[in-house]
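# Understanding the architecture of this molecule
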Amino acid sequence: MNVKTICAKNNNDQNYISVLSPLKIGEVTLSNRIVFPSWQVNYANNDGSVSDKLLHFYTGLADGGCGLIFTGCAVVSPDTVAFDRVMRIDKDTYIPALKNLFYEIEKRGSVPGIQLIHYGRQALKSVIGCDLLAPSPIPCPVMSTLEPNYTVREISIEDIERLRIDFIKAAVRAVEAGAKVIEIHAAHGYLLNQFLSPYSNHRTDNYGGTLNNRARFVVEIIKGVRSQIGEQAVISVRVSGNEFVSGGLTPPDFKNIIPLMEKAGMDLLNVTAGVYESMERIVPPEKLGETPHVNIASELKKFASVPVCTVGSIFSLETAESIISSGKADLVAMGRAQVADPEIVRKSASHKEAEIRKCIRCNKCAFWTTGDPQMHCSVNPSFKCEK
Ligand SMILES: Cc1cc2nc3c(=O)[nH]c(=O)nc-3n(C[C@H](O)[C@H](O)[C@H](O)COP(=O)(O)O)c2cc1C
């Protein structure tokens, strides 16, 4: 039974009526409101192309009934390959394997999306092999403790222009491969988030200072992507609605940022939280309780006319249902819950909640905090540690 059949059957049963109802965004219709957020798993081949293991990871989620699956993140430029076996989309040679991945996801009734990333200062020079770029030459307080030669170079106007084109070309490749949602990663302290935030952007040119200037780079990328792909795919932007650092972005800042992004062509706003300095906000541990970031999404939703997705410690469709039905968000992303049990949507929709394998919130999946080279899950045998 594919995703559409699961949702249609469920809607007849009046179970999880809001969360399992379809949503049309632009030309794309999602069968339900459950999203798999972008998860870097480092399961790609050594050259960054889609491997069988990566294909298996995402087709499992599609088989399980998830409405929208973001694959990725995928690296847009050769100067930001920050991990071994991270997915790449900086050359046309990646298109055929991506095409197969998106085809297999769509065949199962899910909508395939991809997230595009440049890590900026949140990387290691020893891995990247060249200068780390950031809006201002301010070291990342976390990464700079990890290597003695860590330095950051202020990005030049020429580099901004080059990377703008890299993001746009990556989006065009993704659409050619069949992605229906293109997500621009402007969250979690990576390059575009660094530009947006007064915390990390101290520039005095057209790309720094005022809010309009700080938003200029991401807005130019959104506009450029829209002009190249037309209405062939939905453009999503992921932002950290609260960076949880002193002097960083908080929800009121988005009152003016969101209209700029919407005007440029954003169709979907994906709200998360945190940067590396506030890592526990990126993958919230148990001590932060359940749904710690829903209110941030609902704050930003007040400024948005496009649909809004929330994320963070949402572990059941019952919780997702209450978020959607109360109007706090239009979509609910579930990361760890779906990795622990990729069939959580299907099982919930068929009243088999008792069979769901639950995430224990050990957070060992957050491999970059444990030193593991790739993602593994303590409770899902398909993704147990291979060591
Ligand atoms: C292994 C792992 C990889 C992640 N990779 C990404 C990523 O590539 N892009 C991104 O925006 N967020 C990434 N995140 C954050 C998740 O998308 C999500 O926001 C986070 O896991 C919180 O959701 P959850 O509580 O449902 O797991 C990652 C998280 C984990 C644990």
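Just so we're clear, the structure is a prediction, and the values are computed from it rather than from any experiment.

## Quick word on the pairing of strand E11 (residues 268-272)
Burial of E11 is extensive: five of the five residues sit out of reach of the surface. Burial of E11 is two-sided: the residues Leu268, Asn270 and Thr272 facing one way and the residues Leu269 and Val271 facing the other way are all buried. Of the pairings in the sheet, the one linking strand E10 (residues 234-240) to E11 comprises five bridges and is parallel in character. Pairing of Arg238 across the sheet is with Asn270, part of E11. The parallel pair E10 and E11, bridged by helix H8 (residues 254-264), forms a crossover whose chirality is right-handed.

## Notes on the pattern of salt bridges
Enumeration over the complete set of coordinates arrives at 21 salt bridges. Between Glu299 and Lys302 there is a salt bridge, with the nearest N and O atoms lying 2.7 Å from each other. Among the charged side chains, a salt-bridge network with shared partners connects Asp79, Lys125, Asp131, Arg153, Asp159, Arg162 and Asp166.

## Here's the deal with the site of the ligand
Around the ligand, 20 residues are found, and the nearest of them are Gln40, Arg238, Ser313, Gly335 and Arg336. Here Cys73 contributes a backbone N or O atom positioned 3.4 Å from an oxygen atom of the ligand. One of the side-chain N or O atoms of Gln115 is found 2.7 Å from a nitrogen atom in the ligand. The protein chains hide 97% of the 610 Å² of surface that the ligand would expose on its own.

## Brief notes about the UniProt feature "domain: NADH:flavin oxidoreductase/NADH oxidase N-terminal" (unreviewed entry) in the chain
Here, UniProt's "domain: NADH:flavin oxidoreductase/NADH oxidase N-terminal" (unreviewed entry) annotation points to residues 21-353. Its end C-alpha atoms 19 Å apart, residues 21-353 is made of 34% helix and 17% strand.

## What to know about the packing of aromatic side chains
For any pair of aromatic rings, the description rests on two quantities: the centre-to-centre distance and the angle between the ring planes. This model, assessed by the stated rule, comprises 15 aromatic pairs. Both rings, one in Phe36 and one in Trp39, keep their centres 5.8 Å apart while their planes meet at 50°; by these two values the pair is tilted. Each of the two residues, Phe36 as well as Trp39, counts as buried. Centroid distance Phe195 to Tyr207: 6.4 Å. Interplanar angle 80°. Geometry classified as edge-to-face. With Phe195 in helix H6 (residues 191-196) and Tyr207 in the loop between H6 and helix H7 (211-229), this residue pair connects regions lying twelve residues apart in the sequence.

## Details of unusual backbone geometry
With an omega of 5°, the peptide bond running from Gly72 to Cys73 counts as cis. Topologically, Cys73 is positioned in strand E4 (residues 68-75). You will see that His351, though not glycine, has its phi angle at about 60°, which is positive.

## A look at the nonpolar core
If you look at the biggest cluster of nonpolar residues, it comprises 102 residues, and the most contacted ones within it are Phe57, Leu98, Ile114, Ile182, Met261, Leu269 and Met375. Residues within four places of Ile114 in sequence aside, it is in contact with Phe70, Thr71, Ala74, Met87, Ile89, Leu98, Phe102, Ala174, Ala179, Val181, Ile182 and Glu183. Counting residues in each nonpolar core, the second largest holds 21 residues, with Ile128, Tyr276, Met279 and Ile282 among its members.

## Some thoughts on the side chain of Asp90
With respect to the element layout, Asp90 can be found in the loop between strand E5 (87-88) and helix H3 (95-107). With a relative accessible area of 9%, Asp90 lands in the buried category. A distance of 2.8 Å separates the side chain of Asp90 from the side chain of Arg88, its partner in a polar contact.

Reading guide: rules and limits
Residues numbered from 1 in each chain as written. Predicted model: local features only at pLDDT ≥ 70, side-chain atom pairs only at ≥ 80, totals over all residues. Heavy atoms only, no water. Buried < 20%, exposed > 50% of the residue type's maximum accessible area, 1.4 Å probe, protein only. Helix = DSSP H or I, 4+ residues; strand = E, 2+ residues; numbered from the N terminus. Pairing = 2+ DSSP bridges. Right-handed = clockwise from strand over helix to strand, strands pointing away. Salt bridge = Lys/Arg side-chain N within 4 Å of Asp/Glu carboxyl O. Near = heavy atom within 4 Å. Polar contact = N/O pair within 3.5 Å; in protein donor to acceptor, adjacent residues only side chain to side chain. Areas by Shrake-Rupley, 256 points an atom, 1.4 Å probe, with all protein chains shown as cover. UniProt positions renumbered as here; feature names shortened; annotations may be inferred. Phe/Tyr/Trp six-rings, centres within 6.5 Å; stacked < 30°, edge-to-face > 60°. Core = buried A, V, L, I, M, F, W, Y, C linked by side-chain atoms within 4.5 Å. Contact = heavy atoms within 4.5 Å.

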